[in-house]
Amino acid sequence: MTEKTQPGPRELFGDIAPALAGYSEDVLFGQAWKSPELSPRDRSLVTVAGLITSGSSEQLTFHIPLARQNGVTEAELIETITHMAFYAGWPKAMSALTVAREVFRTA
């Protein structure tokens, strides 16, 4: 299966928020995500868990495909969502599961 390349922050938001798009691309994805202390795969799992915890499910439409690109399997993502239900709350996990289902269907 071939992963789809997603547009970056500058492509998505550069027209309306060029500074935030630049920080996202240069600092967050350009520096923080490339720090060697965590692998991209581990960083993706932590990010997905954090987004679930904060209730930021709409961001999962970007981060679930990125996690898969970084080597996280669909089964591992479902298990992460299931596990987070006990720590973040059932509604947040169910919202994340709804997003994950849609992302998996369109992948």
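This is a predicted model, so every value here is computed, not measured.

### Examining the side chain of S24
Relative to the elements of secondary structure, S24 occurs in helix 2 (residues 18–28). Of the polar contacts made by the side chain of S24, one reaches the backbone oxygen of L20; its length is 2.9 Å. When neighbours within four sequence positions are excluded, S24 is seen to be in contact with P9 and F29.

### Brief notes about the domain arrangement of the chain
Its domain assignment divides the chain into domain 1 (9–38) and domain 2 (39–106). Between the C-alpha centres of domain 1 and domain 2 the distance comes to 20 Å. Facing the six residues of domain 1 at the interface are ten residues of domain 2. Interface area for domain 1 against domain 2, summed over the two sides, is near 670 Å², with a carbon-plus-sulfur share of 70%. By the criterion of area lost to domain 2, the three top residues of domain 1 are F29, W33 and L38, representing 89% of everything that side buries. Summed over the shared surface of domain 1 and domain 2, the number is zero salt bridges. Across the side of domain 1 that touches domain 2, the residue classes tally to four nonpolar, one polar and one charged.

How each quantity is defined
Residues numbered from 1 in each chain as written. Predicted model: local features only at pLDDT ≥ 70, side-chain atom pairs only at ≥ 80, totals over all residues. Heavy atoms only, no water. Helix = DSSP H or I, 4+ residues; strand = E, 2+ residues; numbered from the N terminus. Polar contact = N/O pair within 3.5 Å; in protein donor to acceptor, adjacent residues only side chain to side chain. Contact = heavy atoms within 4.5 Å. Domains from an automatic or database assignment. Buried area = accessible area lost by both parts, 1.4 Å probe. Salt bridge = Lys/Arg side-chain N within 4 Å of Asp/Glu carboxyl O. Nonpolar A, V, L, I, M, F, W, Y, C, P; charged D, E, K, R; others polar.

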